[in-house]
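# Chains, contacts and geometry: an overview
Here is what each chain is made of, one letter per residue.
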Amino acid sequence: MIRKLVEADRAQTLAFLSAEPAINLFMIGDIEQDGFDKDFQEFWGDFNDLGELDGVLVRYNQFYIPYYKALDFNPLPFVEIIKSDANHVGISGKESVLNLFKPYFNTYHYKSTYFCELKTADKLKVVSLPIKVAIPEDASRICELLNEIEEFSESPSKPESLERIIRSGAGRVYYTETEDGILKNVVQTTAENSMSAMIIGVATRKAYRNQGLMSDSLSKLCRDLIENEGKSL
């Protein structure tokens, strides 16, 4: 049975998604931050005869993510929901799940990417370097650094967006700086939730590269989230 998920389904849905918290970090974060009654996101559940969840589909604006644990599912009900939205622009998710959707979207462009997950801190450095945690007021200078990085030129960072992310707790930024306040490097998280987070925005100014700043900053950030907060990355 397919039906819309509502607030009463929160605990069951989060328990289902927690089987793969890194794969499902966007769904988990969407539920924890905004719940089930926002205009920009909707959730559907595929329930078996025992009332257990077999699959979940989320719409976030015009993007969709389907998720199933087992791969013996029928994708058609979720396919029909996606296709009924004339404004949908993309589908993403675990490749083994999306492979079953491909025959129904055979005119679409597909792109596969690698997925890496960090669960333990045993190979991370122990850092003594002074690494700072950004506050909302740091957003402008962080974005200034990011927008200097050639690899990020196609998607400029906006201070107002970063400030909102830091304030909401949906992400954080660690950085190092010179004595006169020039940022040397930054590393960020996004889509943070109670179980997982995604590493993004890894950048070092050219003048400060090849000094080990990034391995120190990443180790500090990842160790804090894994050991202190029990999150996977």
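Please refer to the structure higher up on the page.
Residues numbered from 1 in each chain as written. Predicted model: local features only at pLDDT ≥ 70, side-chain atom pairs only at ≥ 80, totals over all residues. Heavy atoms only, no water.

## With respect to the pairing of strand β3 (residues 53-60)
With six of eight residues buried, β3 lies mostly within the body of the structure. Of the strand pairs in this sheet, strand β2 (residues 41-47) and β3 are connected by seven bridges, and their pairing is antiparallel. The residue bridging Gly 45 from the neighbouring strand is Val 56, located in β3. Alignment of β3 against strand β4 (residues 63-68), held across six bridges, turns out to be antiparallel. Bridge pairing in β4 links Tyr 60 to Phe 63. (Buried < 20%, exposed > 50% of the residue type's maximum accessible area, 1.4 Å probe, protein only. Helix = DSSP H or I, 4+ residues; strand = E, 2+ residues; numbered from the N terminus. Pairing = 2+ DSSP bridges.)

## Topic: the sheet that holds strand β7 (residues 173-177)
The sheet built from four strands is open, its strands ordered β6-β7-β8-β9 with antiparallel pairing. In this open sheet, the two strands that pair with only one neighbour each are β6 (132-133) and β9 (198-204). Where β6 and β7 come together, two bridges link them in antiparallel fashion. By the bridge assignment for β7, Val 133 is matched with Tyr 174. Packing of helix α7 (residues 213-229) onto the sheet brings it into contact with β7, β8 (183-190) and β9, and relative to β8 it is tilted by some 30°. (Contact = heavy atoms within 4.5 Å. Axes fitted to C-alpha atoms, helices over the stretch in contact; angles between N-to-C directions.)

## Here we look at the nonpolar core
One recurring pattern in soluble globular proteins is that nonpolar side chains are buried together. Counting residues in hydrophobic clusters, the biggest one holds 15 residues, and the most contacted among them are Leu 5, Phe 16, Leu 17, Met 27, Ile 31, Phe 43 and Val 56. Of all the secondary-structure elements, those providing two or more residues to this core are α1 (10-17), α2 (25-34), β2, β3 and β4. In terms of nonpolar packing, the next biggest core, distinct from the first, is built from 14 residues, Ala 134, Leu 162, Leu 183 and Val 186 among them. (Core = buried A, V, L, I, M, F, W, Y, C linked by side-chain atoms within 4.5 Å.)

## Here's the deal with the packing of α1 against α2
Two elements in contact, α1 and α2, have axes separated by 10 Å at closest approach and are oriented at 155°. Classed by the angle they form, the pair α1 and α2 counts as roughly antiparallel. Every pair of crossing elements has a handedness; the one defined by α1 and α2 is left-handed. The residues of α2 that touch α1, namely those facing Arg 10, Thr 13, Leu 14 and Leu 17, are Met 27, Ile 28, Ile 31 and Glu 32. (Parallel < 35°, antiparallel > 145°, perpendicular 65-115°, else oblique. Left-handed = near helix turned anticlockwise from the far one by under 90°.)

## Some points on the packing of aromatic side chains
Inspection of every chain in the model, using the stated rule, returns eight aromatic pairs. Three or more aromatic residues joined by ring pairs form one cluster here, namely Tyr 68, Phe 73, Phe 78 and Phe 101. In this structure, Lys 83 packs its charged tip against the face of Phe 105, placed 5.2 Å from the ring centre. Looking at Lys 102, its charged tip hangs above the ring of Tyr 110, at a distance of 4.9 Å from the centre. (Phe/Tyr/Trp six-rings, centres within 6.5 Å; stacked < 30°, edge-to-face > 60°. Lys NZ or Arg CZ within 6 Å of the ring centre and 35° of its normal.)

## Let's talk about the packing of helix α5 (residues 139-146) against helix α6 (residues 159-168)
Each pair of packed helices can be described by the angle between their axes along with the distance between the axes. Two numbers describe how α5 lies on α6: the axes approach to 8 Å, and their chain directions differ by 125°. Between α5 and α6, the angle is such that the two are oblique. The two elements α5 and α6 cross, and the hand of that crossing is right-handed. From α5, Ala 139, Ser 140, Ile 142 and Cys 143 reach across to α6, where they touch Pro 159, Leu 162 and Glu 163. Within the contact of α5 with α6, the residues separate by chemical class into five nonpolar, one polar and one charged. (Nonpolar A, V, L, I, M, F, W, Y, C, P; charged D, E, K, R; others polar.)

## Re the pattern of salt bridges
Note on pairing: side chains with opposite charge can pair once their charged atoms come close. Under the counting rule described, the total for this entry stands at 19 salt bridges. In this structure, Arg 3 engages Asp 9 in a salt bridge whose closest nitrogen and oxygen atoms are separated by 2.9 Å. Judged by its relative accessible area of 29%, Arg 3 is partly exposed. For Asp 9, a relative accessible area of 6% corresponds to the buried category. A salt bridge links Glu 42 to Lys 4; the nearest nitrogen and oxygen atoms lie 2.7 Å apart. One end of the pair, Glu 42, is in strand β2; the other, Lys 4, is in strand β1 (residues 2-4), and 38 residues separate them in sequence. Given a relative accessible area of 40%, Lys 4 falls into the partly exposed group. (Salt bridge = Lys/Arg side-chain N within 4 Å of Asp/Glu carboxyl O.)

Keep in mind these numbers describe shape, not what the thing actually does.
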